[in-house]
Amino acid sequence: MKFPSWLKLSLAFGVLLAGVGFLLFGGSGASDAFVYSKLVHEVVDKPSAFATRELRVEGELKEGSIRFREQPCEWRFVLHKKGKEMPVTFPQCVVPDTFRDGMGISVTVQGKLQGNGSFLANQVVPRCPSKYEMQQKQKAGETMPHSMPNSPRTL
């Protein structure tokens, strides 16, 4: 039996649409590509716009704000940008090695904004300084992140 070309084309288009629909609304990890990415001050200024969705938020790690609790494991810290601050809770035991206090690092967190204005993160990604920034800091006498003890204050 020979199928008309319009039917073949319609079938191919339907399969393509189903694939895109699965990526957008399915349970796959590909949906991470569609997560909003905002800066701290944008989220703090309009929290209702982001209250129900997963998002990424980027800001500077506030010096001295890192706290750690062992039971149950939890990291707390504050991100800031343009005079706005956002407290972050990360309920896991392990953070990346470059997540250090006193380095003026930029951090991206992924998760959900809570009703009280804090952020519940399921991912923490510190942005490491470039090789050239590290060389400049080293020349200025600063200690490099890999040689600093990771000693956050406990909760």
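Residues numbered from 1 in each chain as written. Predicted model: local features only at pLDDT ≥ 70, side-chain atom pairs only at ≥ 80, totals over all residues. Heavy atoms only, no water.

**Some remarks on the overall build of the protein chain**
To keep it simple, the criterion reads: Under the DSSP-based scheme used, a helix requires at least four consecutive residues in state H or I and a strand at least two consecutive residues in state E, with every element numbered from the N terminus. The buried label goes to any residue with under 20% of its type's maximum accessible area, the exposed label to any with over 50%, and the partly exposed label to all in between, with areas taken from a 1.4 Å probe on protein chains only. Residues are treated as being in contact if the distance between any of their heavy atoms lies within 4.5 Å. For the area figures, the Shrake-Rupley method with a 1.4 Å probe applies, and any residue is considered shielded solely by the protein chains shown.
Scanning the protein chain from N- to C-terminus turns up 3 helices and 8 strands. Each helix and strand of the protein chain, placed in order from N terminus to C terminus, yields the pattern α-β-α-β-β-β-β-β-β-α-β. Across the 155 residues in the protein chain, those meeting the buried criterion constitute 28%. Within the protein chain, counting contacts between residues at least 6 apart in sequence, those at least 24 apart form 50% of the total. Here the protein chain displays about 10200 Å² of accessible surface, and carbon together with sulfur accounts for 57% of that area.

**Overview of the state of the cysteines**
The bond known as a disulfide is covalent and runs between the sulfur atoms of two cysteines. Stated formally: Two cysteine sulfurs form what is called a disulfide whenever their separation falls within 2.5 Å.
Scanning the entire structure with this criterion turns up 1 disulfide. Paired through a disulfide, Cys-73 and Cys-93 show a sulfur-sulfur distance of 1.9 Å. Note on the Cys-73 and Cys-93 pair: the S-S dihedral is about 95°, so by sign convention the disulfide is right-handed. Of this pair, Cys-73 sits in the loop between strand E3 (67-69) and strand E4 (74-81) while Cys-93 sits in the loop between strand E5 (84-90) and strand E6 (106-113), and the two are 20 residues apart along the sequence. In this structure Cys-93 comes out as partly exposed when scored by relative accessible area, which is 42%.

**Re the pairing of E6**
The line we're drawing: Paired strands, as defined in this entry, are two strands with at least two bridges between them according to DSSP.
Burial of E6 is extensive: 6 of the 8 residues sit out of reach of the surface. Summarising the sheet, strand E2 (residues 55-61) and E6 pair through 6 bridges and their orientation is antiparallel. Bridged to Leu-55 within E6 is Gly-111. For E6 and strand E7 (residues 119-127), the ladder comprises 8 bridges, and the chain directions are antiparallel. Considered in E7, the bridge of Ser-106 is made with Arg-127. Linking two consecutive strands that pair antiparallel, namely E6 and E7, is a turn of 5 residues; a positive phi of about 90° is found at Gly-117 within it.

**Observations concerning the pattern of salt bridges**
This is how it is decided: Between Lys or Arg on one side and Asp or Glu on the other, a salt bridge is scored when a side-chain nitrogen of the former is within 4 Å of a carboxyl oxygen of the latter.
If you walk through the whole model with that rule in mind, you get 4 salt bridges. Note that Arg-76 is salt-bridged to Glu-74, the shortest N-O span being 2.7 Å. Judged by relative accessible area, Arg-76 falls into the partly exposed class, the value being 37%. What makes Glu-74 buried here is its relative accessible area of 8%.

Treat this as a map of the structure, not an account of what it does.
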